[in-house]
Amino acid sequence: MEMKQIWCVRHGTALHNILYKKIGVEAYKKYTDTPLVDKGHQESVNLGLSWNEKFKIDIVFVSPLTRTIQTAINIFKDTDVKMIAIDEILEFPQGIECCNKRKNKSELQELYPNIDFSLIPEISTYWKSNENLYELKNRSEKFKDFLKIRQEKNICIVSHSTFLKEFLFNDVGNVGEELKHCFPYNINIF
């Protein structure tokens, strides 16, 4: 089995990240599928301009939430790399925080016609109950198994802090300590 180089990028600063500082956890409950704010767009554009390794990427897997899609589009706008949305890399927790609830597939396809949404159902199967850390670990392992059978060798994942901490470190640690916005974390898997 050949080694794969995986780059993991957390989305840029989004509306719920800003509102959390003003209204606390209500920001996660009150707003659904939050978009990037101006700062988040600039963070992702800046990464796209400064990150030379992006030209080595064979494929991008993106969480089907608005903030991650916007981030991926901004980073890879001057490339022709294929982007595929996949539910397994949605943020944790699913079923609790509305900011983590994605739009329906048909709406996403209309908004982002250049993203491949063929791997997701119309409505996310993960948005059905209050997700726990064990279920997050299962999602992360399922996605790792999926990556292992892919032909691509250089893969970018545009996702979310808690999901990526589980994926990268097999432990979310303190959920209050988040990964940096728009920073490429690198790991290798077989």
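The numbering scheme is per chain: residues are counted from 1 as the chain's sequence reads. Given that this is a predicted model, residues contribute local features only at a pLDDT of at least 70 and side-chain atom pairs are listed and counted only at 80 or more, while totals for whole chains, interfaces and linings are drawn from all residues. To get the side-chain values, all heavy atoms of the structure are used, and hydrogens and water are removed first.

A.B. asks: Looking at this model, I keep getting lost on the overall build of the protein. Mind explaining?
C.D. replies: What the protein contains, in helices and strands, is 7 helices and 5 strands. Secondary structure elements are defined from DSSP: runs of H or I of at least 4 residues count as helices, runs of E of at least 2 residues count as strands, and each element is numbered from the N terminus. Taken from the N to the C terminus, the helices and strands of the protein come in the order β-α-α-α-β-α-β-α-α-β-α-β. Two things to know: the radius of gyration comes from C-alpha atoms, and the globule rule equals 2.2 Å times the number of residues to the power 0.38. Taken over the C-alpha trace, the protein has a radius of gyration of 15 Å; the compact-globule value for 190 residues is 16 Å, and the two agree within 12%. The contact criterion used is simple: two residues touch if any of their non-hydrogen atoms lie within 4.5 Å. Contacts spanning at least 24 positions in sequence make up 74% of the contacts within the protein whose residues lie at least 6 apart. Note on areas: Shrake-Rupley, 1.4 Å probe, and residue coverage restricted to the protein chains presented here. Accessible surface computed for the protein: about 9300 Å², of which carbon and sulfur atoms make up 52%.

A.B. asks: Quick question: what am I supposed to make of empty space enclosed by the protein here?
C.D. replies: A probe matching the size of a water molecule, rolled over the atoms, marks out where space remains unfilled. Both site types are read off a 1 Å grid over the protein atoms alone. A 1.4 Å probe that fits but cannot get out defines a cavity, while an open set with protein on both sides within 12 Å along at least five of seven lines defines a pocket; lining residues have an atom within 4 Å of a point. Grid points are joined across faces, edges and corners, and a volume is the space filled by probe spheres set on the points. Here the structure, examined in full by the defined rule, presents 1 cavity of 30 Å³ or more. Under the scheme applied here, ten amino acids are nonpolar (Ala, Val, Leu, Ile, Met, Phe, Trp, Tyr, Cys and Pro), four are charged (Asp, Glu, Lys and Arg), and all others, including Gly, are polar. Classifying every residue of the lining of the largest cavity gives 2 nonpolar, 2 polar and 4 charged.

A.B. asks: Just to check I follow, could you spell out helix H6 (residues 133-148) for this structure?
C.D. replies: A turn of α-helix holds 3.6 residues, and therefore any two residues three or four places apart point the same way. Expected helix span is given by 1.5 Å per residue-to-residue step, counting one fewer step than there are residues. With 16 residues, H6 extends 23 Å between its outermost C-alpha atoms, agreeing within 8% with the 22 Å of an ideal straight helix rising 1.5 Å per residue. Packed against the buried residues of H6 are strand S1 (4-10), strand S2 (59-62), strand S4 (154-159), helix H7 (161-169) and strand S5 (184-189).

A.B. asks: Sorry if this is basic, but what is going on with the pattern of salt bridges here?
C.D. replies: Pairing is possible between side chains that carry opposite charge, provided their charged atoms lie close to one another. By definition, a salt bridge exists where a carboxyl oxygen of Asp or Glu is found within 4 Å of a side-chain nitrogen of Lys or Arg. All chains considered together, the criterion is met by 10 salt bridges. Salt-bridge contacts for Lys 142 lead to Glu 88; the nearest nitrogen and oxygen are separated by 3.3 Å. Here the residue Lys 142 occupies a position in helix H6, and Glu 88 occupies one in the loop between strand S3 (82-85) and helix H5 (105-111), the gap between them amounting to 54 residues. Among the salt bridges present, the one from Glu 131 reaches Arg 139, with a minimum N-O distance of 2.7 Å.

A.B. asks: So what exactly am I meant to see when it comes to the packing of H6 against H7 here?
C.D. replies: How two helices pack is summed up by the angle between their axes together with the distance between the axes. Lines fitted to the C-alpha atoms define the axes, with helices restricted to the stretch that makes contact. Angles between their N-to-C directions range from 0 to 180 degrees. One way to put it is that H6 packs onto H7 with a least axis distance of 9 Å and a crossing angle of 65 degrees. The handedness of the crossing between H6 and H7 is right-handed. From H6, Leu 136, Lys 137, Arg 139, Ser 140, Phe 143, Lys 144 and Leu 147 reach across to H7, where they touch Thr 162, Phe 163, Glu 166 and Phe 167. The crossing is said to be left-handed when, going from far helix to near helix, the turn is anticlockwise and less than a right angle, and right-handed when the turn is clockwise.

A.B. asks: Would you mind showing me how to read the nonpolar core here?
C.D. replies: Here is a general trend for soluble globular proteins: nonpolar side chains tend to be buried in one another's company. Among the buried residues, those of types Ala, Val, Leu, Ile, Met, Phe, Trp, Tyr and Cys that are joined through side-chain atoms within 4.5 Å form a nonpolar core. Relative accessible area decides the class of each residue, using a 1.4 Å probe on protein chains only: under 20% of the type maximum gives buried, over 50% gives exposed, and in between gives partly exposed. Among the nonpolar cores identified, the biggest contains 23 residues, and Ile 6, Phe 61, Phe 143, Leu 147, Ile 157 and Phe 167 are the most heavily contacted of them. Among the elements of the structure, S1, S2, H6, S4, H7 and S5 are those that each provide at least two residues to this core. With residues near it in sequence (within four places) discarded, Phe 61 still touches Ile 84, Ile 86, Ile 89, Phe 143, Phe 146, Leu 147, Arg 150, Ile 155, Cys 156, Ile 157 and Val 158. Ile 75, Leu 108, Cys 156 and Val 158 belong to the second largest nonpolar core, which has 22 residues in total.

A.B. asks: I tried to follow the side chain of His 11 on my own but got confused; where do I start?
C.D. replies: Considering the arrangement of structural elements, one finds His 11 in the loop between S1 and helix H1 (15-23). Polar contacts here mean pairs of N or O atoms no more than 3.5 Å apart (in protein, one a potential hydrogen donor and the other a potential acceptor; neighbouring residues in sequence count only if both atoms are side-chain atoms). Polar side-chain contacts of His 11 include one of 3.4 Å to the side chain of Arg 67. Setting aside anything within four residues of it in sequence, one finds His 11 in contact with His 16, Asn 17, Arg 67, Thr 68, Thr 71, Ser 159, His 160, His 181 and Cys 182.

A.B. asks: Is there a simple way to think about the pairing of S3 in this case?
C.D. replies: Note on strand geometry: in a regular strand, side chains alternate between the two faces of the sheet. Direction of pairing for S2 relative to S3: parallel, over a ladder of 4 bridges. Paired with Phe 61 across the strands is Ile 84, a residue of S3. The definition of a right-handed crossover adopted here requires that, viewed with the strands pointing away, the path from the first strand over the helix to the second runs clockwise. Once you follow S2 into helix H4 (residues 66-75) and on to S3, the crossover reads as right-handed. Think of it this way: DSSP has to see at least two bridges between two strands before they count as a pair.

A.B. asks: Help me understand the sheet that holds S2, please; the structure alone is not making it clear to me.
C.D. replies: Backbone-to-backbone hydrogen bonds join strands into a sheet, with any given pair of strands oriented parallel or antiparallel. Sheet architecture is open: 5 strands sit in the order S3-S2-S4-S1-S5, paired in mixed fashion. The open sheet has two edge strands, S3 and S5, and neither has a second partner. Recorded for the sheet is a direction-independent mean angle of 25 degrees between the axes of neighbouring strands. Judged from the 6 bridges that link them, S1 and S5 form a sheet pairing that is antiparallel. Its bridge partner being in S5, Gln 5 is matched across the sheet by Asn 188.

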